[in-house]
Amino acid sequence: MRSNLFQAESQPVLSQERWAKQNDQAIRVGLGPDVLATKGAMTSYRGQIAFHHEKSGGMAKLAKKIVTSEDVSLMRVSGQGEVWFGQDAGYVYTVELENEGVSLNVRNLLAFDATLAWDIKRIKGAGIMAGNGLFNTTVTGVGTVAVSVVGKPVLFDCSAAPVAVDPNATVLWSSHLSPSINNSMNMSSALRGGSGEAIQYVFHGPGFVLVQAHEWAPPPEEKSGGGIIGNALDLFS
């Protein structure tokens with residue numbers, strides 16, 4: 001049989017590295033140490049691999065998941081072998097954390113080392129705008145995070161000048177940055193149906209923000225959020 005499928009670029013990647021890009025839209029992870037991944041992100045594996053639901057890891061984190069509708073649905077991948085991950089043909093990027101953290105949109109999360117810590121954080125000052133999805137998941141510690149990005153992303157250095165981004169196009173940012181909320185809606189625009197760009201995150205300071213060429217649609221259930229919920233979440237932060 002002959003086919004260009006038998007070319008080297010279509011064969012499983014050979015690497016001694018734990019995290020290795022298979023191609024632009026897939027990544028291969030070698031086990032040993034466990035990996036936490038978004039449920040459904042596994043595309044294939046070789047070896048003795050087990051997949052188990054990952055619990056929230058505490059009542060405070062569970063309460064945040066319920067109240068915010070931040071759907072952090074993770075599975076623990078363990079065993080000996082290698083696993084390939086991909087999601088909706090998105091472009092895969094990895095971030096190496098060295099006692100650092102990133103705040104990310106959970107819909108872009110692919111997988112990360114199980115040694116890293118994760119939590120749900122509210123964007124301070126979101127108030128009644130919490131229903132626009134102003135909750136993000138933070139991952140901190142030492143290890144690798146893989147994300148899946150819709151389209152080619154743009155990486156902004158926020159130290160040079162303030163950068164305003166659409167919350168639903170934001171992939172991740174340096175967790176030590178605290179974005180402010182800009183509401184550009186006015187009565188004239190509202191009466192005409194709005195611009196579709198009413199709320200932005202505004203970043204300024206030493207750090208970066210990654211933005212994709214796609215805006216996620218806010219989940220309908222998030223519209224029930226509000227200032228009271230946001231304030232209650234501060235008790236768990």
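Calculation notes
Residues numbered from 1 in each chain as written. Predicted model: local features only at pLDDT ≥ 70, side-chain atom pairs only at ≥ 80, totals over all residues. Heavy atoms only, no water. Phe/Tyr/Trp six-rings, centres within 6.5 Å; stacked < 30°, edge-to-face > 60°. Helix = DSSP H or I, 4+ residues; strand = E, 2+ residues; numbered from the N terminus. Buried < 20%, exposed > 50% of the residue type's maximum accessible area, 1.4 Å probe, protein only. Lys NZ or Arg CZ within 6 Å of the ring centre and 35° of its normal. Core = buried A, V, L, I, M, F, W, Y, C linked by side-chain atoms within 4.5 Å. Polar contact = N/O pair within 3.5 Å; in protein donor to acceptor, adjacent residues only side chain to side chain. Contact = heavy atoms within 4.5 Å. Patch = residues over 30% accessible without salt bridge, like charges linked within 9 Å, V, L, I, M, F, W, Y side chains within 5 Å. Areas by Shrake-Rupley, 256 points an atom, 1.4 Å probe, with all protein chains shown as cover. Salt bridge = Lys/Arg side-chain N within 4 Å of Asp/Glu carboxyl O. Lys, Arg positive; Asp, Glu negative; His and termini not counted. Charge placed at Lys NZ, Arg CZ, Asp CG, Glu CD. Pairing = 2+ DSSP bridges. Axes fitted to C-alpha atoms, helices over the stretch in contact; angles between N-to-C directions. pLDDT = per-residue confidence, 0-100.

### What about the packing of aromatic side chains?
And then number 1: Scanning all chains against the criterion turns up four aromatic pairs.
And then number 2: A ring pair is formed by W173 and F203, whose centres lie 5.0 Å apart and whose planes are at 55 degrees; its orientation type is tilted. With a gap of 30 residues between them, W173 in strand β12 (residues 170-174) and F203 in strand β14 (residues 199-203) connect regions that are remote in the sequence.
And then number 3: For W173, a relative accessible area of 2% corresponds to the buried category.
And then number 4: By the ring-pair criterion, three or more aromatic residues cluster together here, those being W173, Y201 and F203.
And then number 5: Between the NZ or CZ atom of K21 and the centre of the ring of Y93, over which it lies, the distance is 5.8 Å.

### Section: unusual backbone geometry
And then number 1: Cis geometry marks the peptide bond from L31 to G32; its omega dihedral reads -15 degrees.
And then number 2: Within the secondary structure, G32 is located in the loop between β2 (26-31) and β3 (35-38).
And then number 3: Notably, D88 is not glycine yet its phi reads approximately 55 degrees, a positive angle.
And then number 4: Inspection of the secondary structure puts D88 in the loop between β5 (74-85) and β6 (91-104).

### Points about the environment of P167
And then number 1: You can see P167 is positioned in the loop between β11 (163-165) and β12.
And then number 2: A sequence separation of 32 residues divides P167 from F135, and the C-alpha atoms of the two residues are 9.7 Å apart.

### Side note on the nonpolar core
And then number 1: One finds L74, L104, F112, W118, V139, V145 and L172 to be the most contacted residues of the largest nonpolar core, which totals 19 residues.
And then number 2: At the level of secondary structure, the elements contributing two or more residues to this core comprise β6, β7 (109-113), β8 (117-122), β9 (135-149) and β12.
And then number 3: Considering each element in turn, this core owes the most residues, four residues, to β9.
And then number 4: Grouped together as the second largest cluster of nonpolar side chains are 16 residues, A37, V77, V83 and A146 included.

### Things to note about the side chain of D113
And then number 1: By secondary structure assignment, the location of D113 is in strand β7.
And then number 2: Owing to a relative accessible area of 9%, D113 belongs among the buried residues under this scheme.
And then number 3: A distance of 2.8 Å separates the side chain of D113 from the side chain of R18, its partner in a polar contact.
And then number 4: In this structure the side chain of D113 is engaged in a polar contact, spanning 3.3 Å, whose partner is the side chain of W19.
And then number 5: If we ignore the near neighbours within four places in the chain, the residues touching D113 are R18, W19, D34, G143 and T144.

### Things to note about the environment of R18
And then number 1: Considering the arrangement of structural elements, one finds R18 in the segment before β1 (19-23).
And then number 2: Classification of R18 as partly exposed rests on a relative accessible area of 21%.
And then number 3: Once residues lying within four places of it in the same chain are set aside, the contact partners of R18 are R28, V29, G30, L31, P33, D34, V35 and D113.
And then number 4: At 2.7 Å, the side chain of R18 forms a polar contact with the backbone oxygen of G30.

### Brief notes about a negative patch on the surface
And then number 1: A cluster of like negative charges, contributed by E17, E96, E98 and E100, occupies part of the molecular surface.
And then number 2: Take E96: it is sitting in strand β6.
And then number 3: Exposure remark for E96: the relative accessible area of 47% places this residue in the partly exposed category.

### Observations regarding the sheet that holds strand β13 (residues 180-183)
And then number 1: Spatially, three strands are ordered β11-β14-β13 in an open sheet, and the strand pairing comes out antiparallel. The strands lining the two open edges of the sheet, one partner per strand, are β11 and β13. Averaged over neighbouring strand pairs, the angle between their axes works out to 35 degrees when direction is ignored.
And then number 2: One ladder, built from three bridges, connects β11 with β14; its direction is antiparallel. Among the inter-strand pairings, V163 is bridged to a residue of β14, identified as F203.

### Some remarks on the confidence of the model for the chain
And then number 1: For the chain, mean pLDDT is 82; residues scoring 70 or higher make up 74% of the total.
And then number 2: Taken as a whole, residues 127-132 scores under 50 in pLDDT and shows 18 contacts with residues more than four places along the chain or in a different chain.

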